[in-house]
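An overview of the molecular structure
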Amino acid sequence: MVEKKAAEKKVAAKAAPATKAKAVKKPAAKKAETLVDAENAGFRAGDVYQALSAAGVAQSVAQLAASTKKTETEVLLGIGWLLKEGKVKGEDGKVVLA
């Protein structure tokens, strides 16, 4: 009896279509990391300073991020550098050259 059931399972397994779709896992998107060191902060400060100089008016962090094509974190890193050097100041929630 056991042999008969085992034989039926083999026949059923052979008859079943072998088109099982495998789930494709997409790799998790790697989050961009901002390297925080003196060299990177200096370059970001230069990017922010050039954008402010070209605009000639006070700009928000979002506006600076768009004009420099950098992340808001990178822009804030540059603003911090420039604030410490006294080259920029805050004005109504925006940043302007000092």
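All of the points below concern the structure found in this document. Numbering of residues begins from 1 in every chain and follows the order in which that chain's sequence is written. Restriction of local features to residues with pLDDT of at least 70 applies here, the model being predicted, together with a cutoff of 80 or more for giving and counting side-chain atom pairs; totals for whole chains, interfaces and linings are based on all residues. Heavy atoms from the whole structure form the basis of all side-chain values; hydrogens and water molecules are not counted.

Mapped onto the elements, Thr68 comes out in helix H3 (residues 61-68). Not counting chain neighbours up to four residues away, the residues in contact with Thr68 comprise Asp47, Val48, Ala51 and Val75. Here a helix means four or more residues in a row that DSSP labels H or I, a strand means two or more in a row labelled E, and each is numbered from the N terminus. Here a residue-residue contact requires only that any non-hydrogen atoms of the pair lie within 4.5 Å.

Now for the pattern of salt bridges. A side chain of one charge can pair with a side chain of the opposite charge if their charged atoms are brought near each other. Throughout this description, the term salt bridge denotes a Lys or Arg side-chain nitrogen within 4 Å of a carboxyl oxygen of Asp or Glu. Evaluation of the coordinates by the stated rule reveals three salt bridges. Arg44 is the salt-bridge partner of Glu74, the closest N and O atoms lying 3.8 Å from each other. Of this pair, Glu74 sits in helix H4 (residues 72-85) while Arg44 sits in helix H2 (residues 38-55); the two residues are 30 residues apart in sequence, bridging distant segments of the chain. Throughout, exposure labels follow a simple rule: accessible area from a 1.4 Å probe, protein chains only, divided by the maximum for the residue type, with under 20% read as buried, over 50% as exposed, and the rest as partly exposed. Under the relative-accessibility criterion, Arg44 is labelled buried at 13%. Here Lys70 makes a salt bridge to Asp47, at a shortest N to O gap of 4.0 Å. Residue Lys70 is located in the loop between H3 and H4, and its partner Asp47 is located in helix H2; the two are separated by 23 residues in the primary sequence. One salt-bridge network, in which partners are shared between bridges, spans Arg44, Asp47, Lys70 and Glu74.

Position of Phe43 among the secondary structure elements: in helix H2. Sequence separation between Phe43 and Gly78 is 35 residues; the distance between their C-alpha atoms is 7.5 Å.

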